[in-house]
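Analysis of the macromolecular model
So you can see what is in the structure, the chains are spelled out below.
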Amino acid sequence: MGGKLSPFWKTPDQKEREGKLILPRQPDAEGEIANYASINDSATSCAPCAGIARRSCVNCPTCQGTGRIPREQEKQLVALIPYGDQRLKPRRTKLYVCVAVTICLLTTSLSIFFLFPRSVTVLPAGLNASSAGFNATTASICLNMTNMLNITNNNFYLVTVVQLDIEVLHQSLVVGKTTMKTLLNMSPLQSSQIYYTVASRILDDNTYNICTWTKVKVHNVLLHIQGTLTCTYLCHSEQLAFEDYQYVDCRGNATLPHLLYHRVP
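Report on the accompanying structure. Here the structure is a predicted model, which is why all the values come from computation and not from measurement. Sequence order as written defines residue numbering, which begins from 1 separately in each chain. Confidence filtering applies because this is a predicted model: local features only for residues at pLDDT of at least 70, side-chain atom pairs given and counted only at 80 or more, and all residues used for totals across whole chains, interfaces and linings. Note that the side-chain values use all heavy atoms of the structure and ignore hydrogens as well as water.

**Section: the pattern of salt bridges**
The condition is simple: In the sections that follow, a salt bridge refers to a side-chain nitrogen of Lys or Arg positioned within 4 Å of a carboxyl oxygen of Asp or Glu. Helical segments are the DSSP runs of H or I of at least four residues, strand segments are the runs of E of at least two, and each set is numbered from the N terminus. Burial classes: relative accessible area under 20% of the type maximum marks a residue as buried, over 50% as exposed, and values in between as partly exposed (1.4 Å probe, protein chains only).
Per the counting criterion, the structure on display carries one salt bridge. In this structure, Glu 167 and Lys 177 form a salt bridge, with 3.8 Å as the shortest nitrogen-oxygen distance. Remark: Lys 177 occurs in strand E4 (residues 173-186) and Glu 167 occurs in strand E3 (residues 159-170); sequence separation between them is 10 residues. Its relative accessible area of 27% is what places Glu 167 among the partly exposed residues.

This is the structure in structure tokens:
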């Protein structure tokens, strides 16, 4: 018993030799591993894993461990990026989104404000001039009237007036009618005036007697004027209706032309 040694007992020289053999240093593998870097630190760090592939990894089936791919396959292959990569977390994303949304809202609001259709105002401005004639044979009165029409463009774009239709009624009967083809371009927020002349013929004995009776000092005829103004804007056509009542002196040329704007001398 005293002559046998335990198999687990080793001399100090044996322990030192075994300690040197456990986990030997592999300078080649460490050099190759050092060449690898995180994709967040460098976008160009790529090295083949020739030494490590023989022991603990396999070669990439695409590049065969070379770290390069053929140029003709550049648009066919898809690169996988780790979830924690910085490129997936761009800076100032919220700022860019807010600025883009603000610009879109501002542009939309301004477009709606300037392109929103507003009304075109049409107001009769009254009688400018008139003349009367009588036919004793038929007991009729011929009236020629020149009236004024005020038009206001309340839009921020051009409005074009293309046509004016006028009807003159006396006691619910149409005594005069005219259609005026015009081309009036109205600038944004501009006002303008249109003159139109209507020839009317009244066939009424009572009206003829009133207009020709010399003992009466006032010879007025009440006329009802209805009109439709056609204008176009933004590839859209619109008809604007208006009406007015006018007293016209049927005795003679009592209503003379007058200036629209009176200037201070």
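From this point, the discussion proceeds with the structure in view.
**What about the packing of aromatic side chains?**
The following threshold applies: Two aromatic rings from Phe, Tyr or Trp, using only the six-membered ring of Trp, form a pair when their centres are within 6.5 Å; if the ring planes differ by under 30 degrees the pair is stacked, by over 60 it is edge-to-face, and anything between is tilted. A ring has a charge above it when a Lys NZ or an Arg CZ is no more than 6 Å from the ring centre and no more than 35 degrees off the ring normal.
Across all of its chains, the model carries five aromatic pairs by this definition. Where Phe 113 meets Phe 156, the ring centres are 5.5 Å apart and the plane angle is 40 degrees; that geometry is what we call tilted. Of this pair, Phe 113 sits in helix H4 (residues 93-115) while Phe 156 is found in the loop between strand E2 (140-153) and E3, placing the two residues 43 residues apart along the sequence. Classification of Phe 113 as partly exposed rests on a relative accessible area of 43%. Between Phe 134 and Tyr 208, the ring centres sit 6.2 Å apart and the planes meet at 75 degrees, which makes this aromatic pair edge-to-face. Taken as a pair, Phe 134 in strand E1 (residues 120-135) and Tyr 208 in helix H5 (residues 205-212) lie far apart in primary sequence, 74 residues in all. Using a relative accessible area of 33% as the deciding quantity, one classes Phe 134 as partly exposed. Taken together, the aromatic side chains of Phe 113, Phe 114 and Phe 156 make up a single cluster linked through ring pairs. Here Arg 118 stacks its cationic end above the ring of Phe 113, 5.1 Å away from the centre of that ring.

**So, unusual backbone geometry**
Positive phi outside glycine occurs at Ser 172, with the angle close to 65 degrees. You can see Ser 172 is positioned in the loop between E3 and E4. Its identity as a non-glycine residue notwithstanding, Cys 235 has a phi of 60 degrees, on the positive side. Looking at the secondary structure, you find Cys 235 in the loop between strand E6 (220-233) and strand E7 (236-249).

**Describing H5**
Where we set the bar: Directions are taken from the helix axis to each C-beta atom, and the arc is the one they span. Pairs of residues are marked as contacts when any of their non-hydrogen atoms sit within 4.5 Å. Between N or O atoms, a polar contact is any pair within 3.5 Å; within protein, one atom must be a potential hydrogen donor and the other a potential acceptor, and residues adjacent in sequence are included only when both atoms are from side chains.
Buried residues of H5: Thr 207, Tyr 208 and Cys 211, and no others. With its buried residues spanning 100 degrees around the axis, H5 presents them on a single face. With respect to the buried face of H5, the exposed residues turned more than 90 degrees away are Asp 205 and Asn 206. Residues of H5 that are buried sit in contact with E1, E2, E3, strand E5 (191-203) and E6. Capping of H5 at its N-terminal end is provided by Asp 204; its side-chain oxygen lies 3.4 Å from the backbone amide nitrogen of Asn 206.

**Digging into a nonpolar patch on the surface**
For clarity, the threshold we go by: Residues enter patches when their relative accessible area tops 30% and they take part in no salt bridge; the joining distance is 9 Å for like charges and 5 Å for the nonpolar side chains Val, Leu, Ile, Met, Phe, Trp and Tyr. Note on areas: Shrake-Rupley with a 1.4 Å probe; residue coverage comes only from the protein chains shown.
Taken together, Leu 106, Leu 110, Phe 113, Phe 114, Leu 115, Phe 156, Leu 189 and Leu 234 make up a surface patch of nonpolar side chains, about 770 Å² in accessible area. Take Phe 114: it is sitting in helix H4. Using a relative accessible area of 37% as the deciding quantity, one classes Phe 114 as partly exposed.

**With respect to the environment of Leu 127**
Checked against the element boundaries, Leu 127 lands in strand E1. Sequence separation between Leu 127 and Met 148 is 21 residues, and the spatial gap between their C-alpha atoms is 6.4 Å.

**Details of the side chain of Thr 230**
Locating Thr 230 in the fold gives a position in strand E6. With residues near it in sequence (within four places) discarded, Thr 230 still touches Thr 160, Val 161, Val 162, Gln 163, Ser 237, Glu 238 and Gln 239.

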